[in-house]
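Survey of secondary and tertiary structure
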Amino acid sequence: MSDVPNDVGRSGERSTAVDVDLLRSRIRSIDDWPRPGVSFKDITPLLGDADAFDRVLEAMAKPWRAMRVSHVVGIESRGFIVGAPVAALVASVVGGEAW
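So, here's what we can say about the structure. Since we're looking at a predicted model, the values are computed, not measured.

Okay, the packing of aromatic side chains next. Inspection of every chain in the model, using the stated rule, returns one aromatic pair. When the ring of W33 is compared with that of F40, the centres are 5.1 Å apart and the planes differ by 80°; the resulting orientation is edge-to-face. A relative accessible area of 26% places F40 in the partly exposed class.

Before going further, it helps to spend a moment on the packing of helix α3 (residues 50–61) against helix α4 (residues 76–90). Packing of α3 against α4 leaves a shortest axis separation of 9 Å and a crossing angle of 60°. One way to sum up the angle between α3 and α4 is to call them oblique. In this structure, α3 meets α4 at a crossing whose hand is right-handed. Contacts from F53, L57, E58, M60 and A61 of α3 reach α4 at I81, V82, P85, V86, L89 and V90. Looking at the contact of α3 with α4 residue by residue, the class counts come to ten nonpolar, no polar and one charged.

Parameters and conventions
Residues numbered from 1 in each chain as written. Predicted model: local features only at pLDDT ≥ 70, side-chain atom pairs only at ≥ 80, totals over all residues. Heavy atoms only, no water. Phe/Tyr/Trp six-rings, centres within 6.5 Å; stacked < 30°, edge-to-face > 60°. Buried < 20%, exposed > 50% of the residue type's maximum accessible area, 1.4 Å probe, protein only. Axes fitted to C-alpha atoms, helices over the stretch in contact; angles between N-to-C directions. Helix = DSSP H or I, 4+ residues; strand = E, 2+ residues; numbered from the N terminus. Parallel < 35°, antiparallel > 145°, perpendicular 65-115°, else oblique. Left-handed = near helix turned anticlockwise from the far one by under 90°. Contact = heavy atoms within 4.5 Å. Nonpolar A, V, L, I, M, F, W, Y, C, P; charged D, E, K, R; others polar.

Structure, rendered in structure tokens:
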């Protein structure tokens, strides 16, 4: 796999390229949970690494920045965790008022 293309972060000081190996090291697999044959992907280690989490959010937001996005939907628990920060990065309208 290749890295996500670089972008300037919110601070303008660092790259937002997501190193795939770094990302994989921050997502823990728990085999046979919640039942045999299922491999649960735990993002808790990613959430504990602010720099890696910021880079993931920036990479997720990048394709949508040029569009006039007014809504971002985060489905299920992990979606709730990433939906709001991604919305803050890309949404042109929040609460009915243009940013």
